[in-house]
Amino acid sequence: ILIDQLDGRLALNRPERSDAMRVFGAHLDCYADFVSKGIFPALMLLVLAGFGPWAWIVAGLHLCAIALRYSYEFVPGAERRGLSPDYSIVVFALLFLASPGWGGSTYPVVLGLVMLGLAILNLAPIRVPKLAGPGLGAFIVVALGLVALLARLP
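Our subject in this report is the structure included herewith. Note that the coordinates shown come from a computational prediction; the quantities given were computed from them, not determined experimentally.

### Digging into the environment of Tyr 87
Right, on to step 1. Here Tyr 87 shows up in helix α4 (residues 85-98).
Right, on to step 2. In the structure, Tyr 87 is positioned 52 residues away from Phe 139 in sequence and 9.1 Å away in space, judged by C-alpha atoms.

Right under this line is the structure:
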């Protein structure tokens, strides 16, 4: 999330970019987001669940939800809707940090259920503020606080 915010700010501070480079950068950013917030969590679930049939279904639904969510980015005049996948990736990371005491078979099931819930929220007709400015700062502080709490668990 931090790198995504940083590269966006750097790009905006380059006024000499051509229109073609702006469009290229927007698409490249979207593809990179799809890999980090869509493909990586889906692969993680598949590997942890031993490539079971239920994991393929959940991973596929997750990928479809992320692809649809990011497709909103390129619809002219479309308003942002649904939970940003930025929030989802933090939830996945926090789940991973909390998982060592759960046992081997529990974590993939919890991850799959959370992944389904977040896929629904990614497409839900709700408005969630974009992670920027003071909201981004507050989000980072809360996420780091949760990481610190989880790091102290046995």
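The structure having been displayed, the exposition proceeds.
### What to know about the environment of Ala 119
Right, on to step 1. For Ala 119, the position within the fold is in helix α5 (residues 106-123).
Right, on to step 2. With a relative accessible area of 8%, Ala 119 lands in the buried category.
Right, on to step 3. In this structure, the C-alpha to C-alpha distance between Ala 119 and Pro 108, residues eleven residues apart in sequence, is 16 Å.
Right, on to step 4. In contact with Ala 119, other than residues within four places in its own chain, are Leu 61, His 62 and Ala 65.

### Topic: the packing of α4 against helix α6 (residues 133-152)
Right, on to step 1. As a packed pair, α4 and α6 sit with axes 9 Å apart at the nearest point and diverge in direction by 15°. In terms of axis orientation, α4 runs roughly parallel to α6. The element α4 and its partner α6 pack so that their crossing is right-handed. On α6, the residues that touch Tyr 87, Val 90, Leu 94, Leu 97 and Ala 98 of α4 are Phe 139, Ala 143, Leu 146, Val 147 and Leu 150.
Right, on to step 2. A class-by-class count of the residues in the contact of α4 with α6 yields ten nonpolar, no polar and no charged.

### Remarks on the nonpolar core
The tendency in soluble globular proteins is for nonpolar side chains to be buried as a group.
Right, on to step 1. Counting residues in hydrophobic clusters, the biggest one holds 20 residues, and the most contacted among them are Leu 45, Ala 55, Val 90, Phe 92, Leu 111 and Met 115.
Right, on to step 2. At the level of secondary structure, the elements contributing two or more residues to this core comprise α2 (19-48), α3 (53-71), α4, α5 and α6.
Right, on to step 3. Counting residues per element, this core draws most heavily on α4, which supplies five residues.
Right, on to step 4. If sequence neighbours within four positions are ignored, Leu 111 has contacts with Leu 45, Leu 48, Phe 92 and Leu 95.

### As for the packing of aromatic side chains
Right, on to step 1. Following the criterion strictly, the structure yields two aromatic pairs and no others.
Right, on to step 2. An angle of 65° between the planes, with centres 6.3 Å apart, marks the rings of Phe 96 and Tyr 107 as edge-to-face. In this pair, Phe 96 is assigned in helix α4 and Tyr 107 in helix α5, connecting sequence segments eleven residues apart.
Right, on to step 3. Classification of Phe 96 as partly exposed rests on a relative accessible area of 46%.
Right, on to step 4. Note on Tyr 107: relative accessible area 6%, which makes it buried.

Each value, and the rule that gives it
- Residues numbered from 1 in each chain as written.
- Predicted model: local features only at pLDDT ≥ 70, side-chain atom pairs only at ≥ 80, totals over all residues.
- Heavy atoms only, no water.
- Helix = DSSP H or I, 4+ residues; strand = E, 2+ residues; numbered from the N terminus.
- Buried < 20%, exposed > 50% of the residue type's maximum accessible area, 1.4 Å probe, protein only.
- Contact = heavy atoms within 4.5 Å.
- Axes fitted to C-alpha atoms, helices over the stretch in contact; angles between N-to-C directions.
- Parallel < 35°, antiparallel > 145°, perpendicular 65-115°, else oblique.
- Left-handed = near helix turned anticlockwise from the far one by under 90°.
- Nonpolar A, V, L, I, M, F, W, Y, C, P; charged D, E, K, R; others polar.
- Core = buried A, V, L, I, M, F, W, Y, C linked by side-chain atoms within 4.5 Å.
- Phe/Tyr/Trp six-rings, centres within 6.5 Å; stacked < 30°, edge-to-face > 60°.

Purely spatial values, then, with no claim about function.
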